[in-house]
Amino acid sequence: MKNIAFFDTKPYDRIWFDRLKDKYGFEFKYFESKLNSDTAVMCAGLDGVVAFVNDVIDEKTISILSDQDIRILALRCAGYNNVDFKAAYGKIHVVRVPAYSPHAVAEHAMALLLTLNRKIHRAYIRTRDFNFSINGLTGFDLFGKTMGVVGTGKIGRVFVDICKGFGMKVIAYDPFPAKDSGIEYVELEELFRRSDIISLHAPLTKETYHIINQDSIALMKDGVIIINTSRGALIDSEALLEAIKNGKIGGAGLDVYEEESDIFFEDYSNAIIQDDVLARLISMPNVVVTSHQAFLTDEALKNIAETTLENLRQFFDGEDLTNEICYQCAKYGSCEKQGKGRCF
Ligand code: NAI
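It should be emphasised that the depicted structure is a prediction, and the values quoted were computed from it without experimental measurement.

Draft legend 1. Highlighting the overall build of the chain. In terms of helices and strands, the chain carries 12 helices and 12 strands. Its C-alpha atoms give the chain a radius of gyration of 21 Å, near enough to 20 Å, the size a compact globule of 344 residues would have. Each principal axis of the C-alpha atoms in the chain carries an extent, and together these give about 60 × 50 × 35 Å. Out of the 344 residues in the chain, the part that is buried amounts to 51%. Considering only contacts in the chain between residues 6 or more positions apart, those separated by 24 or more positions represent 65%. Working note: accessible area of the chain is about 16500 Å², and carbon and sulfur atoms make up 50% of it. Distance between charge centres in the chain, computed from 39 positive and 49 negative side chains, equals 3 Å.

Draft legend 2. Main features of the layout of surface pockets. Estimates place the volume of the second largest pocket at around 380 Å³. Taken together, 15 residues make up the lining of the second largest pocket; nearest its centre are Ile263, Phe264, Ile282, Val289 and Ser291. Within the residue set of the lining of the second largest pocket, elements represented by two or more residues are α10 (276–283) and β12 (287–289). Per-class residue counts for the lining of the second largest pocket are 11 nonpolar, 3 polar and 1 charged.

Draft legend 3. Structural view of the site of the ligand. Around the ligand sit 24 residues in total, of which Tyr100, Lys154, Ile155, Asp174 and Asp255 are the nearest. Here Lys154 contributes a side-chain N or O atom positioned 2.8 Å from an oxygen atom of the ligand. Residue Ile155 places a main-chain N or O atom 2.9 Å away from an oxygen atom belonging to the ligand. Here the ligand, which alone exposes 860 Å², has 90% of that area covered by the protein. Taken together, the residues that form the shell around the ligand break down as 11 nonpolar, 8 polar and 5 charged.

Draft legend 4. Fine view of the state of the cysteines. In this structure the tally under the stated criterion is 0 disulfides. No disulfide involves Cys329; its sulfur sits 3.6 Å from the nearest other cysteine sulfur, which is in Cys326. The closest cysteine sulfur to the non-disulfide-bonded Cys335 is located on Cys326, 3.5 Å from its own sulfur. Judged by its relative accessible area of 16%, Cys335 is buried.

Draft legend 5. Focus on the pairing of strand β11 (residues 249–254). Burial analysis of β11 places 5 of its 6 residues in the buried class, which makes it a mostly covered element. Where strand β10 (residues 224–228) lies against β11, 5 bridges are found, and the strand directions are parallel. Within β11, the position partnered with Ile226 by the bridge is Ala252. Bridge analysis of β11 against β12 gives 3 bridges, and the strand direction is parallel. Residue pairing across strands places Gly253 opposite Val288, the latter belonging to β12. For the segment spanning β11, α10 and β12, crossover handedness is right-handed.

Draft legend 6. Region of the structure containing the packing of helix α9 (residues 237–245) against α10. Closest axis-to-axis distance for the α9/α10 pair is 10 Å, and the angle between their directions is 35°. As α9 packs across α10, the resulting crossing turns out to be left-handed. Facing α9, whose interface residues are Ser237, Glu238, Leu240, Leu241, Ile244 and Lys245, α10 presents Val277, Arg280 and Leu281. Across the contact of α9 with α10, the residue classes tally to 5 nonpolar, 1 polar and 3 charged.

Draft legend 7. Region of interest: the domain arrangement of the chain. Assigned domains within the chain: domain 1 (2–100 + 297–341) and domain 2 (102–289). The C-alpha-based centres of domain 1 and domain 2 are spaced at 30 Å. Residue-level contacts link 15 residues of domain 1 with 11 residues of domain 2. For Glu266, the salt bridge identified is with Lys10, shortest N-O distance 3.3 Å.

Cut-off values and rules
- Residues numbered from 1 in each chain as written.
- Predicted model: local features only at pLDDT ≥ 70, side-chain atom pairs only at ≥ 80, totals over all residues.
- Heavy atoms only, no water.
- Helix = DSSP H or I, 4+ residues; strand = E, 2+ residues; numbered from the N terminus.
- Rg over C-alpha atoms; globule rule 2.2 N^0.38 Å.
- Buried < 20%, exposed > 50% of the residue type's maximum accessible area, 1.4 Å probe, protein only.
- Contact = heavy atoms within 4.5 Å.
- Areas by Shrake-Rupley, 256 points an atom, 1.4 Å probe, with all protein chains shown as cover.
- Lys, Arg positive; Asp, Glu negative; His and termini not counted.
- Charge placed at Lys NZ, Arg CZ, Asp CG, Glu CD.
- 1 Å grid on protein atoms, 1.4 Å probe; cavity = no way out; pocket = protein on both sides within 12 Å on 5 of 7 lines; lining within 4 Å.
- Points joined across faces, edges and corners; volume = space filled by probe spheres on them.
- Nonpolar A, V, L, I, M, F, W, Y, C, P; charged D, E, K, R; others polar.
- Near = heavy atom within 4 Å.
- Polar contact = N/O pair within 3.5 Å; in protein donor to acceptor, adjacent residues only side chain to side chain.
- Disulfide = S-S within 2.5 Å.
- Pairing = 2+ DSSP bridges.
- Right-handed = clockwise from strand over helix to strand, strands pointing away.
- Axes fitted to C-alpha atoms, helices over the stretch in contact; angles between N-to-C directions.
- Left-handed = near helix turned anticlockwise from the far one by under 90°.
- Domains from an automatic or database assignment.
- Salt bridge = Lys/Arg side-chain N within 4 Å of Asp/Glu carboxyl O.

Right, here's the structure in full:
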């Protein structure tokens, strides 16, 4: 029986893992705390670790895990910017869930846009208070507007299709354009200049860090709407706040935030939020923040649990690691998987 540590778990993801427990014959130890260099010691005597988006898997965490003979780290998410892959290489195999439901995230991106544009968040509060005034709730037709999509991988491409269903014109930027997709690719600057709405679907890398910043915002149309369901640090939050305040940006739908790791997924309704930028953004009528929930559908949770446990099974059974990623793969280079279809 293999004992697996789960970090940063909540009831909604435990349900799906528990349902599959007997099938795989694993024992689970759930921790509510995040995985970091303080909590890594809790893995003593266990066989594997399952981590999530805001766990801090840096060199120190990896060294502590490795000292405890942990050789497999399974991310139960697609993004992997929180892992120091160079530190992990040769010590701990890192596997992930490359796709669990691109539809879940793409549909949430559109939900954020529709909410913002048609002011559903404000209408909901008004009618609950029996205020049936529609003053200030004017939106615009999405039909015929230009959507700029940054990153046309699995999620971006589903989002492109959704936008086309609305009769929007779609342009996109991706350093690795999808061949034969029929998508009109443009340079990033052109995308910034031409788009009425910009939706971010690229991973967080050195190149995408603060891709939305003071300079890029200056290129954009007045009143542009920004949607971010990828990673918070794609946007310089202070530049965004400034542009919301001066009216340059007409709205922002944010499922992710660059300083989210100590805030999102927790209930702070009785506390005073210390992050002034986030507090100010949330106070804006034209900003909608959700707490990294774009993935949160039954279908996605089921797929995450199945793929994560299958990844672990492959490791313990000595098989190829279908979903392993290392620092060479992560850079979109070609990792020559070695030995039994493993990165090292
Ligand atoms: P993917 O790997 O299928 O696609 C990413 C695309 O971004 C690729 O086509 C890649 O070429 C492109 N890209 C790489 N560097 C770029 C750059 N500098 N500029 C523009 N495009 C660039 O990933 P997928 O599944 O579509 O996910 C996208 C991102 O969404 C993930 O990296 C993750 O950060 C985020 N995500 C968020 C979730 C949420 O709940 N909010 C859930 C799942 C993923």
